[in-house]
Amino acid sequence: MNGDASGAQSHQFQAEVAELLSLMVHSVYSETDVFLRELVSNASDALDKLRYEAISNPALLTGAEKLAIQIKPDATAKTVTIADTGIGMDRQELVDNLGTVARSGTKAFLKGLKEAKDGLGLIGQFGVGFYSAFMVGDRITVTSRRAGASEAWAWTSSGGAGFEMAPASAEQASRVPRGTEMVLHLKDDAARYLQPFELERVIHTYSEHILFPIELLDDKGEARQVNAASALWQRPKSELKPEDYTQAYRSIAMAFDEPALTLHYKAEGRQAYAVLLFVPTTPPFDLADPGRKGRVKLYVRRVYITDDADLLPPWLRFVRGVVDSEDLPLNLSREMLQNNPQVTQIRNGLTGRVIGELETCATKEPETWSKIWNAFGVVLKEGLYEDHERRGQLLALARFATTAGDVPRSLKDYVTDLKPNQTEIYYLVGDSAERLKANPKLEAARARGVEVLLLTDPIDAFWTAMPQEFEGKPLRSLSQGDVDFGLVPLLDDKAKTDDKPSTDDEAGILKAVKEALGDKVSDVRASQRLTESAACLVAGAQGRDRELERLLARANRGSGAKPILELNMRHDLVKAVGTAEKDEAAELSNLLLDQACILDGEIPADPAAFSRRLNIFVVRGLGKGS
Ligand code: ADP
Ligand code: MG
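Because the structure is a prediction, the values reported are computed rather than measured. (Residues numbered from 1 in each chain as written. Chains lettered and ligands numbered in written order. Predicted model: local features only at pLDDT ≥ 70, side-chain atom pairs only at ≥ 80, totals over all residues. Heavy atoms only, no water.)

J.: Teacher, can you tell me more about the overall build of the chain here?
T.: Within the chain one finds 22 helices and 24 strands. Total accessible area on the chain is roughly 29,200 Å²; 51% of this is exposed by carbon and sulfur atoms. (Helix = DSSP H or I, 4+ residues; strand = E, 2+ residues; numbered from the N terminus. Areas by Shrake-Rupley, 256 points an atom, 1.4 Å probe, with all protein chains shown as cover.)

J.: For this particular structure, what's the right way to read a nonpolar patch on the surface?
T.: Where nonpolar side chains cluster on the molecular surface, the patch consists of Leu614, Val618 and Leu622 and spans about 260 Å² of accessible area. Position of Leu614 among the secondary structure elements: in helix H22 (residues 607-621). (Patch = residues over 30% accessible without salt bridge, like charges linked within 9 Å, V, L, I, M, F, W, Y side chains within 5 Å. Salt bridge = Lys/Arg side-chain N within 4 Å of Asp/Glu carboxyl O.)

J.: Explain the site of ligand 1 here, please?
T.: Taken together, the residues surrounding ligand 1 are Asn42, Ala46, Lys49, Asp84, Met89, Asn97, Leu98, Gly129, Phe130, Thr180 and Met182. A distance of 2.9 Å is found between a nitrogen atom of ligand 1 and a side-chain nitrogen or oxygen belonging to Asp84. Within the backbone of Phe130, an N or O atom sits 3.0 Å from an oxygen atom of ligand 1. Within the residue set of the shell around ligand 1, elements represented by two or more residues are helix H2 (34-56) and strand E8 (179-186). When residues in the shell around ligand 1 are grouped by element, the largest group, three residues, is from H2. Partitioned by chemical class, the residues of the shell around ligand 1 number five nonpolar, four polar and two charged. (Near = heavy atom within 4 Å. Polar contact = N/O pair within 3.5 Å; in protein donor to acceptor, adjacent residues only side chain to side chain. Nonpolar A, V, L, I, M, F, W, Y, C, P; charged D, E, K, R; others polar.)

J.: Looking at this structure, I do not really get the sheet that holds strand E23 (residues 535-538). What am I missing?
T.: Pairing between sheet strands relies on hydrogen bonds along the backbone, with the strands arranged either parallel or antiparallel. Taken in spatial order, the three strands line up as E22-E24-E23 in an open sheet, and their pairing is mixed. At either margin of the open sheet sits one strand with a lone partner, and together these are strand E22 (523-526) and E23. Adjacent strand axes in the sheet meet at a mean angle of 25°, parallel and antiparallel pairs treated alike. Inspection of the sheet shows E23 paired to strand E24 (residues 564-567) by four bridges, in the antiparallel sense. Directly across from Leu537, in E24, lies its bridge partner Leu565. (Pairing = 2+ DSSP bridges. Axes fitted to C-alpha atoms, helices over the stretch in contact; angles between N-to-C directions.)

J.: Mind showing me how you'd approach the environment of Lys78 here?
T.: Here Lys78 shows up in the loop between strand E3 (69-74) and strand E4 (79-84). C-alpha separation for the pair Lys78 and Tyr193, spaced 115 residues apart in sequence, amounts to 9.3 Å. Ignoring sequence-local partners within four residues, the contact set of Lys78 consists of Leu184, His185, Leu186 and Leu194. (Contact = heavy atoms within 4.5 Å.)

J.: Which parts of the structure should I look at to understand unusual backbone geometry?
T.: With the exception of glycine, most residues fall at negative phi, and the peptide bonds are largely trans. With a phi angle near 55°, Lys78 is a residue other than glycine that sits in the positive phi range. Phi at Asp310 is positive, roughly 45°, even though this residue is not glycine. Summarising the element assignment, Asp310 is placed in the loop between strand E14 (303-306) and strand E15 (320-325). Residue Asp310 is classed as partly exposed on the basis of its relative accessible area of 41%. (Buried < 20%, exposed > 50% of the residue type's maximum accessible area, 1.4 Å probe, protein only.)

J.: Explain the packing of aromatic side chains here, please?
T.: Two aromatic rings are characterised by how far apart their centres lie and by the angle between their planes. Summed over the entire model, instances satisfying the criterion amount to 15 aromatic pairs. Of the aromatic side chains, those joined through ring pairs into one cluster are Phe13, Phe130, Tyr131, Phe134, Trp155 and Phe163. The lysine or arginine in question, Arg91, covers the ring of Trp153, its NZ or CZ lying 5.4 Å from the ring centre. (Phe/Tyr/Trp six-rings, centres within 6.5 Å; stacked < 30°, edge-to-face > 60°. Lys NZ or Arg CZ within 6 Å of the ring centre and 35° of its normal.)

J.: What is the right way to look at the side chain of Arg525 in this model?
T.: Inspection of the secondary structure puts Arg525 in strand E22. Excluding residues within four positions of it along the chain, Arg525 makes contact with Gly481, Asp482, Leu510, Val538, Ile564, Leu565, Glu566 and Leu567.

J.: Looking at this structure, I do not really get the pattern of salt bridges. What am I missing?
T.: One side chain can pair with another of opposite charge once the charged atoms of both are near each other. Summed over the entire model, instances satisfying the criterion amount to 38 salt bridges. Measuring nitrogen to oxygen at the nearest pair gives 3.0 Å for the salt bridge that ties Arg317 to Glu382. With Arg317 in the loop between E14 and E15 and Glu382 in helix H12 (residues 382-386), the pair connects residues that are 65 residues apart, well separated along the chain. Here Arg317 falls in the buried class, since its relative accessible area comes to 8%. Across the pair Asp600 and Arg546 runs a salt bridge whose closest N-O atoms are separated by 3.1 Å. Of this pair, Asp600 sits in the loop between helix H21 (582-599) and H22 while Arg546 is found in helix H19 (residues 546-554), placing the two residues 54 residues apart along the sequence. The class for Arg546 is buried, based on a relative accessible area of 11%. Put simply, Lys441, Arg546, Glu547, Arg550, Asp600 and Glu602 are held in one network by salt bridges that share partners.

Rendered as structure tokens:
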């Protein structure tokens, strides 16, 4: 920080801000309109905060009666000014809020922005907020007066490395009795924003449903309100057109896409509240982050309270919108929100309605539903282990890749097509459907035409770890415990060859392999799963599924539990163990284990030993070795 004679002091931007600004300035985005959306949204937030603080301190409202946002283009000075009479910022707040980025995920965003061809989507999703002003302005002056404060401060920056702070001049201070004024000196290629109709177009597109009046000032200083400034969710459905909802969605969610689903209703009775919720079409880039801020805004009698009330469970965090209560007290604190029984009631009611809406969509509009599931299924699946009560409903909504074809299937489809005597729903968890389809653990199921769910989201390993069932049919992993398809008939009876070793031979082979492998495995047994491959690895009936164990082991949270090696007793390599002498049987046993590892997508514990063994037998097979 450096001072000069006029009292101005220079400050450095935080490194991330400097990086963000340089990206803003140097990349050519096709869509610069967002700057106005962001600044208007900040102004609206500031007015919301003022109204909220004024509930307990009405004196804050003095100085400027009207709560409004004013936008004024000045063709001569080549500036656009956006002013609000909101809460304002004191000196320290200006330095902190307009010099750093507090948001989590900023790093990921910056990385994405550098890699993306067109940053538009990302900018829209992330909401780079205030800094987007530098897309259109090459110098920005922010004058702000915190509500109730006697002094006002001026913040100025031309982008680059930093900004200047100084006490507002008398003239600046008189223009800002309360709140914030932002003057953008437009770059030449942004001169179109000097035209009132251009500003009006952007306001209609993104800010129509801001609750405060947005006024456009002409050169004579006369103000004209350009947005509806009404709570759309309070209006009857019959009055609203699809475009109104799209506009409301874009302004509430700061999004560019169309809502895939809109839910608009009023709850009456013990709790009265209006609800306007949307399911987006496009998933945001940080969807997977469970720390993402709550996205449903809570209003009480049209006064914005918070978007942090957890009105929906984390596994519905992709839903955006507004809940406006008639009954809650205005002076709700955070703690009260957590424990308030009325809020709990709203929360339960809301969750039920959203699920109901998703169910209706899934039955009546399967195509829309499959899009929604593709975008947000990963998040909904979190509910399968977090929310015991909703598990059945969520399972019914789920769509899975299966061995039955290329179209994702519901469990209802699955159960309808059960094979004779089939009583369980089978699945396999892994990295990719392609890899899973090649997994030998599917062989016995395939031989019987039994459908298997192919689960490839990381979260699948977790929710399947809890007991799950659908219409009385338990879900069962093909890489865990004993699986016996015994009663399900084979598709082709020829597959049922009886060249199995005798019981004694079988016992001998299992014993030999067990001895050779020692504590590398917890058990060796004959497999009901395999028809073609020689061996596979499975988890015990009690332990974790192999895939979950693998995921946790990567995070050093593995249990260290050893897998079970299952052998296909009809396979020649396995039978060979029975006739080999001891040393050779040991080599073959290790080869079987390493093969099973590879088929599971793992690297053998000792790759060098594996390749040495393989070479010995190959060379011998070619008749060149000893
Ligand atoms: P966000 O709105 O997501 O917090 P922004 O970059 O848009 O991020 O704004 C950063 C912060 O600057 C805001 O959180 C707010 O504290 C402050 N701010 C921005 N504009 C205004 C304004 N018009 N009035 C008061 N505070 C503002
Ligand atoms: Mg903002």
